[in-house]
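The residues making up each chain are set out below.
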Amino acid sequence: MAGDLVPRKAELDVAREAFLSGRDPAGAVRSEILTSWRRSARAGASPETPVLPYIPELDADAALYVAARPVLDRLADRLDSTRTAMLLADREARIIGRWVGDPSLLAKMDRSDSTPGFALREEVCGTNGLGSVIEEGHTFSVVGAEHFAERFVQYACHGAPIRHPVTGRIEGVLTFMCRAEESGPLMPAFAEEAATGIEQRILDGASRRERLLLDAFITAGRRARRAVLAINEQTIIASPGASRLLEGIDHASLWEALGNTVLTRAASSGVLTGDQDRRLSVTARPVFDGERVVGAVAEVSRVASAEEEGPAALVRGPHPQQRLLRHLGGHSRAWTHAMTIAGRALGSSHPALIVGEPGVGKLEVALALHELAGPGGEPHVLNAALAPVDGFAVWLGRLRARFGTPGTLILTHLETLTGPEALAVAALLDGHEGATPRLIGTVTRRPGDLPPTGPHLDRLAVHRIELPPLRERGEDVPELVHRMLRRRGDERLRLASEAMQAFVRASWPGNVRQLDLVLRGLAVDHGPGEVGLYDLPVEVVDSPRRARTHLERLELEAIVAAMRKAGGDKTLAAADLGLSRSTLYRKLREFHIDLDRTAF
């Protein structure tokens, strides 16, 4: 047995059942396992029979699989006489390879979906030896009833992350797996050693550019007194100090800021301005492959307010992307990327086309481009969807009348113009580029729609800005909530932590517009004070991975109503519904409703 790693089975069974019934088993289970259980519950993982995501298309030529297979084939020969299996998963916890010598263990694994194509993400099936390794970022063991899902409690799993040796990013997971009662204390070390061998093979297969960049980073790190990073178009390698200093500055912006070093092929120094007026001193030099520049290595430090900036700044004033992020809010990767593209349009007089689902904030971004660019004049909005109401000739006359006036002309819902109407608008736009007013168009593209096309759109798409839906920007939701409440003077309305978690998890099919409407309704119906989970509309509380049946929907509405009536007290709510408290707990988990309420 694995000594301290595996508590007595009976105690662990009791602790797991206590947690799934809503009680806190602190002290009865390892702290890292309890943390993972709590994280799994918040994500809505199912402890009973989770339906695991399945993606059958496996790429045998993928770099991770190619690097790992020789290592694991050799290990499999040595493990063939044991009852130990090895699972290789990608960074999404999807199993891409399996090595099993014991037929009886193989049959068990097949029955529990521990087979290639299935993804064991923690948010779906809870604490396990693949998804939890990715969440934790280090070697992680899960033995017996430490698993969140019932289907895996028969196993012991010891997983180690496989990191790209150049970028440091987790590329996948290697997990050693056996029956729970046969777990041994050396298995985590075996997993780590095998993962290290795979990482070495990844390094051996890395491109020459990546290796040169890594060598430059290591050399600079040995002699530098400041934080160090190395970067090219695809890759960034940063020391922990550099990562902290560069927080909020994305890869594209940083590469653009260091572009002078690459273009001039010479060292340069200056000041990089980040968010909240953070100023960083940067000294960069190019990395060469013979005569060709393949990247840059830089030393970074914070500029004290009294320090001189020295040579001309690498970035004069806030980067356009940072100006847009401050103005509009948001910091998620999807939104930051969109604002990088929008930032290029900010200092340009060329037309721009903004594309996105209904309610993502296309008009708000267009108005931000006008306000931050400061072209003079006013923004004028002309809605193409009104052309059939007013008559197309009248609408086209209004468009023509705006030409030559200062400011920005924003043409919305251009997807409604087709055929001769689109050609007429395109003809009017011909020759207008660079003249006043600045032209910005918006196009609504619903999920599943083909990319919008048309001659009028081609004239405007010099800068094409695709805005992500809110479901891809979950981490931006808390900031958006605070901004919306502050904008309307509703700061006294506060969301409790479990209510905010529900906002973050919600799918928001109506995007930012729907979020704003829900907050307006809460401000009217609830008034000042704290809003709890059960004060929210059912469509926010419920965030299923599949469409609910009519019966499930009615059941959820009854539970939410009972919880709201009971003030979050589950005992009172269960009595009102005619259920036992344990049944109510299980129902709440099935509906992915957070259980971290203080009222019981």
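As shown above, the structure is provided for reference.
So, a few notes on the structure that sits alongside this text. As the structure is a computational prediction, the values presented were derived from the model and not from experiment.

Some thoughts on the pairing of strand 3 (residues 140-143)
Along strand 3, one buried face is formed by F140 and V142 and the opposite face, lined by S141 and V143, is buried too. Sheet topology note: the strand 3/strand 4 (residues 155-163) ladder contains four bridges and is antiparallel. Bridged to S141 within strand 4 is H158.

Overview of the sheet that holds strand 14 (residues 438-444)
Across the sheet, which stays open at both edges, the five strands sit in the order 12-13-14-11-15 with parallel pairing between neighbours. Of all strands in the sheet, those with a lone pairing partner are strand 12 (378-383) and strand 15 (463-466), marking the two edges. Taken pair by pair, the neighbouring strands of this sheet meet at an average axis angle of 20°, ignoring direction. Across five bridges, the pairing between strand 11 (residues 352-356) and strand 14 is parallel. Paired with I354 across the bridge in strand 14 is T442. Those strands touched by helix 13 (residues 333-346) are strand 11, strand 14 and strand 15, and its axis lies near 155° from that of strand 15. The strands that helix 16 (residues 392-402) touches are strand 12 and strand 13 (407-412); relative to strand 12, the one it contacts most, it runs at about 160°.

A closer look at the packing of aromatic side chains
All chains considered together, the criterion is met by five aromatic pairs. Between F19 and W37 the ring centres are 5.4 Å apart and the planes differ by 40°, which places this aromatic pair in the tilted class. Residue F19 is located in helix 1 (residues 9-20), and its partner W37 is located in helix 2 (residues 31-43); the two are separated by 18 residues in the primary sequence. As far as burial versus exposure is concerned, F19 and W37 are alike and both buried. Ring pairing ties together the aromatic residues F19, W37 and F148, which thus form one cluster. It is R473 that lies over the ring of W335; its NZ or CZ is 3.7 Å from the centre.

Focus on the pattern of salt bridges
When the charged atoms of two side chains with opposite charge come close together, those side chains can pair. Taken as a whole and assessed by the stated rule, the structure comprises 28 salt bridges. Here E357 and R471 are joined by a salt bridge, their closest N and O atoms 2.5 Å apart. Residue E357 is located in the loop between strand 11 and helix 14 (362-373), and its partner R471 is located in the loop between strand 15 and helix 19 (477-487); the two are separated by 114 residues in the primary sequence. A salt bridge links E466 to R445; its shortest N-O distance comes to 3.9 Å. Here E466 is found in strand 15, whereas its partner R445 is found in the loop between strand 14 and helix 18 (455-460), with 21 residues between them in sequence.

Looking at a nonpolar patch on the surface
Residues L363, L367 and V381 make up a contiguous nonpolar surface patch of roughly 220 Å² in combined accessible area. Within the secondary structure, V381 is located in strand 12.

Considering the nonpolar core
Membership of the largest hydrophobic core comes to 36 residues, with the highest contact counts inside it found for V481, F503, W508, L515 and L536. Looking at this core, the elements that each hand over two or more residues are helix 19, strand 16 (493-495), helix 20 (497-505), helix 21 (511-525), helix 22 (538-541), helix 23 (550-565), helix 24 (570-577) and helix 25 (581-590). Each residue touching W508, except ones within four places of it in the same chain, is listed here: L470, V477, F503, Q514, L515, V518 and V540.

Overview of the sheet that holds strand 3
Sheet strands pair via backbone hydrogen bonds, and the direction of the pair is either parallel or antiparallel. Pairing within the open sheet is antiparallel, and its five strands lie in the order 2-1-5-4-3. Here the strands that pair on one side only, and so sit at the sheet edges, are strand 2 (95-100) and strand 3. Taking the axes of each pair of neighbouring strands and ignoring which way they run, one obtains an average angle of 15° across the sheet. Against the sheet, helix 3 (residues 63-79) engages strand 1 (85-90), strand 2, strand 4 and strand 5 (170-179), with an angle of about 170° to strand 1.

Focus on helix 17 (residues 419-429)
Within helix 17, the full set of buried residues consists of A422, V425, A426, L428 and L429. Take helix 17 and look down its axis: the buried residues cluster within an arc of 160°, on one side only. Facing away from the buried side of helix 17 by more than 90 degrees, the exposed set consists of P420, L423 and A427. Of the surrounding elements, those touching the buried residues of helix 17 are helix 16, strand 14 and helix 18. Where helix 17 terminates, the next one or two residues include G431, which has phi positive at roughly 80°.

A short note on the packing of helix 12 (residues 320-328) against helix 13
Interhelical geometry of helix 12 versus helix 13 gives an angle of 115° and a closest axis separation of 8 Å. As for how helix 12 packs across helix 13, the hand of that crossing is right-handed. Each of P320, Q321, R323, L324, L325 and L328 in helix 12 lies in contact with helix 13, whose residues at this interface are W335, T336, M339, T340, A342, G343 and L346.

Here we look at unusual backbone geometry
For D113, which is not glycine, the phi torsion reads 65° and is therefore positive. Looking at the element boundaries, D113 is found in the loop between helix 4 (103-111) and helix 5 (122-125). Residues other than glycine seldom take positive phi values, yet W508 does so here, at roughly 50°. Assignment of secondary structure puts W508 in the loop between helix 20 and helix 21. Note on W508: relative accessible area 2%, which makes it buried.

The rules we used
Residues numbered from 1 in each chain as written. Predicted model: local features only at pLDDT ≥ 70, side-chain atom pairs only at ≥ 80, totals over all residues. Heavy atoms only, no water. Buried < 20%, exposed > 50% of the residue type's maximum accessible area, 1.4 Å probe, protein only. Helix = DSSP H or I, 4+ residues; strand = E, 2+ residues; numbered from the N terminus. Pairing = 2+ DSSP bridges. Axes fitted to C-alpha atoms, helices over the stretch in contact; angles between N-to-C directions. Contact = heavy atoms within 4.5 Å. Phe/Tyr/Trp six-rings, centres within 6.5 Å; stacked < 30°, edge-to-face > 60°. Lys NZ or Arg CZ within 6 Å of the ring centre and 35° of its normal. Salt bridge = Lys/Arg side-chain N within 4 Å of Asp/Glu carboxyl O. Patch = residues over 30% accessible without salt bridge, like charges linked within 9 Å, V, L, I, M, F, W, Y side chains within 5 Å. Areas by Shrake-Rupley, 256 points an atom, 1.4 Å probe, with all protein chains shown as cover. Core = buried A, V, L, I, M, F, W, Y, C linked by side-chain atoms within 4.5 Å. Arc of directions from axis to C-beta. Left-handed = near helix turned anticlockwise from the far one by under 90°.

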